[in-house]
Amino acid sequence: MMMSEGNEETKPKTEYTDGKNIPNVWLVRPCESYKDEYTECTSIKGRFHQYFIYGENRDCTQWQTDFENCMKYRLHNDIPALETVIQSESKRRYERLAPHYLNDVWKHRTSPPEDWNKPLPAKMQEEYKNTYLDHKAREYKASQT
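Remember, it's a predicted structure, so these values are computed and weren't measured experimentally.

**What to know about the overall build of the chain**
From N to C terminus, the chain includes six helices and zero strands. Looking at the chain as a whole, 20% of its 145 residues qualify as buried. Counting every atom, the chain has about 12500 Å² of accessible surface; 55% of that belongs to carbon and sulfur.

Given below as structure tokens:
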């Protein structure tokens, strides 16, 4: 079903810009995803998963708060509510990536190894021949010329 041009005003905002330069606004998800996360978090399946992984049920209220703040911004252009959602997403992102950045076992690269694209060893090249991937690669190369 196609939307007529007259209904464009009722279409919810999916981009969060209002002319102001708000840092990290790209972190904000569509409001419905916060509601979905809250619903999943409080479901029986979600609770069972939390108990299995963490040994306890997790607090899901932040998802609900983020949904409410996101809707405040969407409906009333409430910039402080948007900034609260950005803070919450930043915290969530930091917690998600903390093990990666705090890892002291592996040395983090700043560039790829010098020989990252050297040919595979002969044995691996032989095993690769006549595989599905090999056929598709040849097919792709032929279509490019």
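Structure's up, so let's keep going.
**A look at the packing of helix 1 (residues 31-42) against helix 3 (residues 61-76)**
Two quantities define a packed helix pair, namely the angle between the helix axes and the distance between the axes. Where helix 1 contacts helix 3, the two axes come as close as 8 Å, and the packing angle between them is 160°. Judged by the angle between their axes, helix 1 and helix 3 are roughly antiparallel. The element helix 1 and its partner helix 3 pack so that their crossing is left-handed. Contact with helix 1, carried on its side by Cys31, Glu32, Tyr34, Lys35, Glu37, Tyr38 and Cys41, involves Trp63, Gln64, Asp66, Phe67, Cys70, Met71 and Arg74 of helix 3 and no other residues of that element. Partitioning the contact of helix 1 with helix 3 into residue classes produces eight nonpolar, one polar and five charged.

**A word on unusual backbone geometry**
Notably, Asn77 is not glycine yet its phi reads approximately 55°, a positive angle. Looking at where Asn77 falls in the secondary structure, it is placed in the loop between helix 3 and helix 4 (79-101). The class of Asn77 is partly exposed, set by a relative accessible area of 35%. Even without glycine at this site, Asn130 takes up a positive phi of about 65°.

**Focus: the pattern of salt bridges**
A complete count under the given rule lists 10 salt bridges for this structure. Here Lys91 makes a salt bridge to Glu95, at a shortest N to O gap of 3.5 Å. Of this pair, Lys91 and Glu95 both sit in helix 4, separated by four residues, roughly a single helical turn. Classification of Lys91 as exposed rests on a relative accessible area of 54%. The salt bridge partner of Glu139 is Lys136, with a shortest N-O separation of 3.5 Å. Taken together, the residues span about one helical turn, with Glu139 and Lys136 both in helix 6 (residues 132-144) at a distance of three residues.

**Section: a nonpolar patch on the surface**
On the surface, a cluster of nonpolar side chains totalling about 510 Å² of accessible area is made up of Phe48, Phe52, Ile53 and Tyr54. Its place among the elements puts Phe52 in helix 2 (residues 44-54). On the basis of relative accessibility, which here comes to 64%, the residue Phe52 falls in the exposed class.

**Here we look at the confidence of the model for the chain**
Averaged over all residues, the pLDDT of the chain equals 88, while 86% of them reach at least 70. Per-element mean pLDDT across the chain ranges from 92 in helix 5 (residues 122-128) up to 98 in helix 1. When the criterion is pLDDT under 50, residues 1-8 qualifies, and its contacts beyond four places in sequence or with other chains add up to one contact.

**Quick look at the packing of aromatic side chains**
Scanning all chains against the criterion turns up one aromatic pair. Sitting over the face of the ring of Trp63, Arg92 holds its NZ or CZ atom 3.8 Å from the ring centroid.

**A few points about the state of the cysteines**
Per the counting criterion, the structure on display carries two disulfides. Disulfide partner of Cys31: Cys70, at an S-S distance of 2.0 Å. Here the disulfide of Cys31 and Cys70 is left-handed, its torsion about the S-S bond being about -80°. Taken together, the residues Cys31 in helix 1 and Cys70 in helix 3 connect sequence positions 39 residues apart. Along the chain, the cysteines engaged in disulfide bonds are linked according to the scheme 1-4, 2-3 when indexed in sequence order.

Definitions and limits used
- Residues numbered from 1 in each chain as written.
- Predicted model: local features only at pLDDT ≥ 70, side-chain atom pairs only at ≥ 80, totals over all residues.
- Heavy atoms only, no water.
- Helix = DSSP H or I, 4+ residues; strand = E, 2+ residues; numbered from the N terminus.
- Buried < 20%, exposed > 50% of the residue type's maximum accessible area, 1.4 Å probe, protein only.
- Areas by Shrake-Rupley, 256 points an atom, 1.4 Å probe, with all protein chains shown as cover.
- Axes fitted to C-alpha atoms, helices over the stretch in contact; angles between N-to-C directions.
- Parallel < 35°, antiparallel > 145°, perpendicular 65-115°, else oblique.
- Left-handed = near helix turned anticlockwise from the far one by under 90°.
- Contact = heavy atoms within 4.5 Å.
- Nonpolar A, V, L, I, M, F, W, Y, C, P; charged D, E, K, R; others polar.
- Salt bridge = Lys/Arg side-chain N within 4 Å of Asp/Glu carboxyl O.
- Patch = residues over 30% accessible without salt bridge, like charges linked within 9 Å, V, L, I, M, F, W, Y side chains within 5 Å.
- pLDDT = per-residue confidence, 0-100.
- Phe/Tyr/Trp six-rings, centres within 6.5 Å; stacked < 30°, edge-to-face > 60°.
- Lys NZ or Arg CZ within 6 Å of the ring centre and 35° of its normal.
- Disulfide = S-S within 2.5 Å.

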